[in-house]
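Listed below, chain by chain, are the residues.
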Amino acid sequence: MSFDKILADWQKNTFKPIYWLEGEEPYYIDHLMLYAEHHLLSDAEKEFNLTVMYGRDTDWAMLINACRRYPMFADKQVVLLKEAQQMKDIEKLETYIENPLISTILVVGYKEKKLDGRLKIARLLKQKHEVFTTRRLYDNELPVWVKQTAQNMGYTIQPKALVLLVDAIGNDLNRLYNEIEKLTLNLKSRKEITEDDVEEYVGISKEFNVFELQSAIAQKNMSKAIKIIQYFDANPKAGPLQLVLPAIHGFFCRVLMIHSDSGSKNPASIIGSNHPNAIADHTAAAKNYSPQKTQQILLLLHEYNLKSIGIRDAGSSGADLLKELASKIML
């Protein structure tokens with residue numbers, strides 16, 4: 001069952017006894033748990049019929065006892081188990097899963113992983129109840145997700161603002177959602193998010209960011225690259241090394257893919273973006289850096305990633321490492 005289907009059923013007051021939400025992407029689990037906590041019962045019903053438990057502080061017997069209670073002054077009760085992956089002996093819930101109380105809606109948030117499919121509890125859940133498994137979105141899926149999320153809130157987002165937001169924040173859907181929500185609250189009567197809005201309200205410079213650094217390196221523009229790195233040095237939150245290096249590594253991985261598929265006339269399908277600037281930067285990099293040089297750059301990035309955590313380095317600053325790296329890339 002999908003996120004949208006579960007939400008649609010709940011909005012129609014259609015419920016199943018057990019919802020098991022699991023997987024690597026916490027955003028969908030968090031949002032379904034939040035909706036269940038605030039919208040499955042009326043305010044009057046919540047006082048007696050809403051139970052919120054946490055895996056670290058709960059054992060299987062406590063949870064089953066809570067689920068076996070009958071609702072008071074209502075036709076249903078809601079029991080939420082958050083952070084269920086921290087609960088010991090969770091497989092002992094089998095007895096309740098085999099025979100749940102139909103007046104109880106149990107929603108379980110099991111983050112970071114999935115149940116072992118060989119376990120009896122996993123088989124019972126799939127056979128009898130609703131299991132929703134999440135996964136991390138791929139990088140090329142993030143722009144579509146951001147655009148759709150903004151549209152669901154009643155807003156559009158300019159292509160450059162979209163790229164700026166995704167490149168700066170990366171694959172963190174909860175943070176992306178919060179930043180989009182913050183942007184919409186600050187737009188007042190406007191309905192379009194611009195790159196100026198991202199710069200002002202998210203704190204990402206439209207001139208000095210990872211996206212522009214990639215562009216400078218792609219075009220072998222050393223002076224521009226050094227200016228951006230100096231900005232990062234003065235504003236550490238704008239370009240932390242732990243985010244910059246993976247972004248540049250991902251960029252050159254895509255450049256290598258373009259080299260590997262040199263017969264393709266559609267680089268957008270390779271890089272996962274139709275944005276003209278992204279296509280231009282990747283195309284420029286493929287012209288400026290040969291396949292052999294691109295492979296050397298990827299090895300350099302691995303070397304400097306190790307240096308960034310203190311391996312084979314005497315304590316250079318992030319800015320010094322970036323300047324050195326950019327120089328070696330553009331040689």
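Residues numbered from 1 in each chain as written. Predicted model: local features only at pLDDT ≥ 70, side-chain atom pairs only at ≥ 80, totals over all residues. Heavy atoms only, no water.

### Considering helix α4 (residues 60-68)
(1) Moving on: The set of residues buried in α4 consists of Leu 63, Ile 64, Ala 66 and Cys 67. The buried residues of α4 all sit within an arc of 160° when viewed along its axis, so they share a single face.
(2) Moving on: Two to three positions downstream of the cap, the backbone nitrogen of Ala 61 sits 3.1 Å from a side-chain oxygen, assigning the N-cap of α4 to Asp 59. (Buried < 20%, exposed > 50% of the residue type's maximum accessible area, 1.4 Å probe, protein only. Helix = DSSP H or I, 4+ residues; strand = E, 2+ residues; numbered from the N terminus. Arc of directions from axis to C-beta. Polar contact = N/O pair within 3.5 Å; in protein donor to acceptor, adjacent residues only side chain to side chain.)

### Some points on the layout of surface pockets
(1) Moving on: In this structure, the largest pocket occupies an estimated 950 Å³ of space.
(2) Moving on: Looking at the largest pocket, it is lined by 38 residues, and the ones nearest its centre are Asp 139, Pro 143, Val 166, Asp 167 and Ser 273.
(3) Moving on: Among the elements of the structure, α7 (142-152), α8 (159-169), α11 (210-218), α13 (241-260), α14 (267-271) and α15 (276-288) are those that each provide at least two residues to the lining of the largest pocket.
(4) Moving on: A breakdown of the residues in the lining of the largest pocket according to their chemical character gives 20 nonpolar, 13 polar and 5 charged.
(5) Moving on: The computed volume of the second largest pocket comes to approximately 410 Å³.
(6) Moving on: Together, 15 residues line the second largest pocket, and Phe 3, Leu 7, Tyr 27, His 31 and Tyr 177 are the ones closest to its centre.
(7) Moving on: Secondary structure elements with two or more residues in the lining of the second largest pocket: α1 (3-11), α2 (26-39) and α7.
(8) Moving on: Looking at the lining of the second largest pocket element by element, the count peaks at 6 residues for α2.
(9) Moving on: Looking at the lining of the second largest pocket, its residues break down into 9 nonpolar, 5 polar and 1 charged. (1 Å grid on protein atoms, 1.4 Å probe; cavity = no way out; pocket = protein on both sides within 12 Å on 5 of 7 lines; lining within 4 Å. Points joined across faces, edges and corners; volume = space filled by probe spheres on them. Nonpolar A, V, L, I, M, F, W, Y, C, P; charged D, E, K, R; others polar.)

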